[in-house]
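Notes for the structure review
As a plain string of letters, each chain reads:
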Amino acid sequence: MVYNDLENMLNEYNWDNGFEIPKEILADPRCDLALALEIFYLSDGYAYLEDLEKTTDLKEWNSFITALYDDISNNKFPKTGKSFKIPLSKVQKYKLQKKGISKIFLIDL
């Protein structure tokens, strides 16, 4: 599988089908920071960043998003030449920055 295949899998993925495909993409050695951030935000990462302490009844989502947040924070995914525009407004970014959220989640690649 090449990087474009990973992107295509993500673009064609139906999020109502659970997290197996995103987990496969994230586990692939070709998965980079841009793709990991895209998966993070597509899986409602903004809601997670807004309230890191909040508990939720969505245990599978919480487990997935927490693990992904930790992996991104710990630089598991390499930066490559691929770009990703963080899908947040300036106000959203500012509020998250004031909360101490890492810049890795707030700055476009």
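Residues numbered from 1 in each chain as written. Predicted model: local features only at pLDDT ≥ 70, side-chain atom pairs only at ≥ 80, totals over all residues. Heavy atoms only, no water.

- As recorded in an unreviewed UniProt entry, the protein goes by the name DUF4274 domain-containing protein, listed as coming from Roseburia inulinivorans.

**Quick word on the overall build of the protein**
- Across its full length, the protein holds six helices and zero strands.
- In summary, the protein has a C-alpha radius of gyration of 14 Å against a globular reference of 13 Å for 109 residues, a match within 12%.
- Expressed along its principal axes, the backbone C-alpha trace of the protein runs to roughly 40 × 35 × 25 Å.
- Going through the 109 residues of the protein one by one, you find that 39% of them count as buried.
- In the protein, the proportion of contacts linking residues at least 24 apart, taken out of those at least 6 apart, comes to 64%.
- On the protein, roughly 6800 Å² of surface is accessible, and the fraction owed to carbon and sulfur atoms is 49%.
- Separation between the mean location of the 14 positive side-chain charges and that of the 18 negative ones in the protein comes to 10 Å. (Helix = DSSP H or I, 4+ residues; strand = E, 2+ residues; numbered from the N terminus. Rg over C-alpha atoms; globule rule 2.2 N^0.38 Å. Buried < 20%, exposed > 50% of the residue type's maximum accessible area, 1.4 Å probe, protein only. Contact = heavy atoms within 4.5 Å. Areas by Shrake-Rupley, 256 points an atom, 1.4 Å probe, with all protein chains shown as cover. Lys, Arg positive; Asp, Glu negative; His and termini not counted. Charge placed at Lys NZ, Arg CZ, Asp CG, Glu CD.)

**Describing the environment of Glu24**
- When you line up the elements, Glu24 lands in helix H2 (residues 20-27).
- For the pair formed by Glu24 and Lys85, sequence separation is 61 residues and the distance between their alpha carbons is 23 Å.

**Comments concerning H2**
- The set of residues buried in H2 consists of Pro22, Ile25 and Leu26. Looking down the long axis of H2, one finds its buried residues gathered within 95 degrees of arc, a one-sided arrangement. Set apart from the buried face of H2 by more than 90 degrees, the exposed residues are Glu20 and Ala27.
- Elements in contact with the buried residues of H2: helix H1 (3-12), helix H3 (33-42) and helix H5 (59-73). (Arc of directions from axis to C-beta.)

**Considerations on the nonpolar core**
- Formed by 33 residues in total, the largest nonpolar core has its most connected members in Phe40, Tyr41, Leu68, Ile72 and Phe105.
- For this core, the secondary structure elements donating two or more residues are H1, H2, H3, helix H4 (45-50) and H5.
- Discounting residues that sit within four places of it in the chain, Phe105 has contacts with Leu37, Phe40, Tyr41, Leu49, Tyr69, Ile72, Ser73, Ile86 and Leu88. (Core = buried A, V, L, I, M, F, W, Y, C linked by side-chain atoms within 4.5 Å.)

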